[in-house]
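Chain and residue survey
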Amino acid sequence: MDHRSKPPPRLPPGLDVRSAAVLREIVEQYVETGEPVGSRTLSRLLPQKLSPATIRNVMADLTEAGLLFAPHTSAGRLPTDRGLRLFVDGLLQFGELSDEERGTINLALAQSGRSLQDTLAQASSMLAGLSSAAGMVLAPKGDGPVKHIEFVPLSPGRALVVLVSADGQVENRIIETPPGLPPSALQQAGNYLNAQLSGLSLAELRRQVGAEIEANRTALDKLTNAVIEAGLATWGNEGRGGSLILRGQSRLLEDVDQLGKLGAIQALFERLETEEIMLRLLELAETSDGVRIFIGAESGLFGSAGVSMVVAPARNAQDRIVGAIGVIGPTRINYGRIIPVVDYTARVIGRLLG
């Protein structure tokens, strides 16, 4: 595919032309194959005519500087997290997406009758497919209007509260119901709340209904009022976390060759599902003007389990953060390919969530 290349980047501080070329080639080979690169291979690949002995000296200097390392007893070298960071910040060249690629992304995310949740899931799957890594989409808790609320009986003492937002998102909560509650009370509770909606957000609805119950103006009995309060309260004490959709997690396991590494990846999956991580992802997005790349432990979200994350904020027309879009994969992900994909997808999702 045709990518328009940017001008060659400046040399990172501390690297001359020769060492920069060696580091770039080693990283690019690592991204492509995952294998250590030796001096003889480099002598064939580098545009400059350098002897294997000269290249070995450069590799030794880069290793001493902490930018390369030798796995096991291999004569070849791989980039360290620090070497990858230097490459991403100063040596990486990436193109812009073609009109065809933009059109493909737009078409994949066209809502056309789907709920917003389904669209976000499609975005996550699309990112996973385009990046050969795990796609991630985080939408914060919506503060838009509520379209419908329903109470569904489950069993004695329990009911399901179904909330449908105006943008099509559906959320469910299970509540405990008072002993002796007649089935008709759940219907009455739903009817009462739906009559109050008229474009209110959940927070506004909670305040309005709370005031009416306190002033005894609902014309409902105490048990029904209790159900209404319990239903609204299930959304009342949550933080700013949202809906995190991950697709393609199995791709993170493709490079796993050690049991310890497998455990670290599984722990990463578990952490990603926590409210704390979702909040942190939003914080990272809020402090970003555009795409940010985190290598190894840099993000503070997980340890150095050979994982990188590329994340971008999704902003609406008012430039307000409405979510985060990203890719999580092994450190050998194709940064030059993934960065423009994440950047453009974030812009499209920003418009959808805006």
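Before going into details, it helps to say that this report is about the structure given with it. (Residues numbered from 1 in each chain as written. Predicted model: local features only at pLDDT ≥ 70, side-chain atom pairs only at ≥ 80, totals over all residues. Heavy atoms only, no water.)

Attention shifts here to the packing of helix H6 (residues 116-131) against helix H12 (residues 335-353). Relative to each other, H6 and H12 sit at 175°, their axes nearing to 11 Å. With respect to their mutual orientation, H6 and H12 come out roughly antiparallel. Across the interface between the two elements, Leu 116, Thr 119, Leu 120, Ala 123, Met 126, Leu 127, Leu 130 and Ser 131 from H6 touch Arg 337, Ile 338, Val 341, Val 342, Thr 345, Ile 349, Leu 352 and Leu 353 from H12. Per-class residue counts for the contact of H6 with H12 are 12 nonpolar, three polar and one charged. (Axes fitted to C-alpha atoms, helices over the stretch in contact; angles between N-to-C directions. Helix = DSSP H or I, 4+ residues; strand = E, 2+ residues; numbered from the N terminus. Parallel < 35°, antiparallel > 145°, perpendicular 65-115°, else oblique. Contact = heavy atoms within 4.5 Å. Nonpolar A, V, L, I, M, F, W, Y, C, P; charged D, E, K, R; others polar.)

Further remarks concern the side chain of Arg 85. Relative to the assigned elements, Arg 85 resides in helix H4 (residues 81-91). At a separation of 2.3 Å, a polar atom in the side chain of Arg 85 contacts the main-chain carbonyl oxygen of Ile 293. Each residue touching Arg 85, except ones within four places of it in the same chain, is listed here: Ile 293, Phe 294, Ile 295 and Glu 298. (Polar contact = N/O pair within 3.5 Å; in protein donor to acceptor, adjacent residues only side chain to side chain.)

Below, the discussion takes up the pairing of strand E10 (residues 321-330). With 10 of 10 residues buried, E10 is to be regarded as a mostly interior element. Bridge count for strand E9 (residues 307-315) against E10 is nine bridges, and the pairing is antiparallel. Looking at the pairing, Ser 308 lines up with Gly 329 of E10. Turn length for the E9-E10 hairpin, with the two strands adjacent in sequence and antiparallel, is five residues, and the turn residue Asp 319 shows positive phi of about 65°. (Buried < 20%, exposed > 50% of the residue type's maximum accessible area, 1.4 Å probe, protein only. Pairing = 2+ DSSP bridges.)

Spatially, the three strands line up as an open sheet ordered E4-E5-E6, and their pairing is antiparallel. Looking along the sheet, the strands with just one partner apiece sit at the ends: strand E4 (146-155) and strand E6 (170-176). When the angles between neighbouring strand axes are averaged without regard to direction, this sheet yields 20°. Two elements, strand E5 (residues 158-165) and E6, share seven bridges in a ladder whose sense is antiparallel. Each bridged residue has a counterpart across the sheet, and for Leu 160 the counterpart in E6 is Ile 174. Against the sheet, helix H9 (residues 222-233) makes contact with E4, E5 and E6, and its axis sits at roughly 110° relative to E4, the strand it touches most.

This part is about H9. The terminal C-alpha atoms of H9, which comprises 12 residues, lie 16 Å apart, in line with the 16 Å expected from a rise of 1.5 Å per residue. Buried residues of H9: Thr 224, Asn 225, Val 227, Ile 228, Gly 231 and Leu 232, and no others. Burial along H9 is one-sided: seen end-on, the buried residues are contained in an arc of 155°. Contacts made by the buried residues of H9 are with E4, E5, E6, helix H7 (183-196) and helix H8 (202-214). Of the residues that open H9, the one with a side-chain oxygen 3.1 Å from the backbone nitrogen of Leu 223 is Asp 221. (Expected span 1.5 Å × (residues − 1). Arc of directions from axis to C-beta.)

Another aspect to go through is H4. Helical periodicity: at 3.6 residues per turn, an α-helix aligns residues three or four positions apart in one direction. In terms of burial, H4 is a largely internal element, eight of the 11 residues being buried. Here H4 has its buried residues at Gly 83, Leu 84, Arg 85, Leu 86, Phe 87, Val 88, Gly 90 and Leu 91. Contacts from the buried residues of H4 go to helix H1 (17-33), strand E2 (78-79), strand E8 (292-295) and H12.

Once that is clear, we can look at the environment of Ile 325. Inspection of the secondary structure assignment puts Ile 325 in strand E10. Distance in space between the C-alpha atoms of Ile 325 and Leu 138 is 6.3 Å, their sequence separation being 187 residues. Ignoring sequence-local partners within four residues, the contact set of Ile 325 consists of Leu 127, Met 136, Val 137, Val 310, Val 311, Ala 312, Ala 314, Val 342, Thr 345, Ala 346 and Ile 349.

A word on the pattern of salt bridges. Counted under the stated rule, the structure contains five salt bridges. Residue Arg 85 is joined to Asp 89 by a salt bridge in which the shortest nitrogen-to-oxygen separation is 2.9 Å. In this pair, Arg 85 and Asp 89 are both assigned in helix H4, four residues apart and thus about one turn of the helix distant. For Arg 85, a relative accessible area of 19% corresponds to the buried category. Relative accessible area serves as the criterion here: at 55%, Asp 89 is assigned to the exposed category. Note that Asp 343 and Arg 347 form a salt bridge whose closest N and O atoms lie 3.3 Å from each other. On the criterion of helical spacing, the pair formed by Asp 343 and Arg 347 is a turn pair, its members being four residues apart in helix H12. (Salt bridge = Lys/Arg side-chain N within 4 Å of Asp/Glu carboxyl O.)

Following the sequence through the fold, Gln 48 ends up in the loop between helix H2 (39-45) and helix H3 (52-64). On a C-alpha basis, the gap between Gln 48 and Arg 18 in space is 8.2 Å, while along the polypeptide they are 30 residues apart. If sequence neighbours within four positions are ignored, Gln 48 has contacts with Val 17, Arg 18 and Ala 21.

Don't take any of this as a statement about function, it's just geometry.
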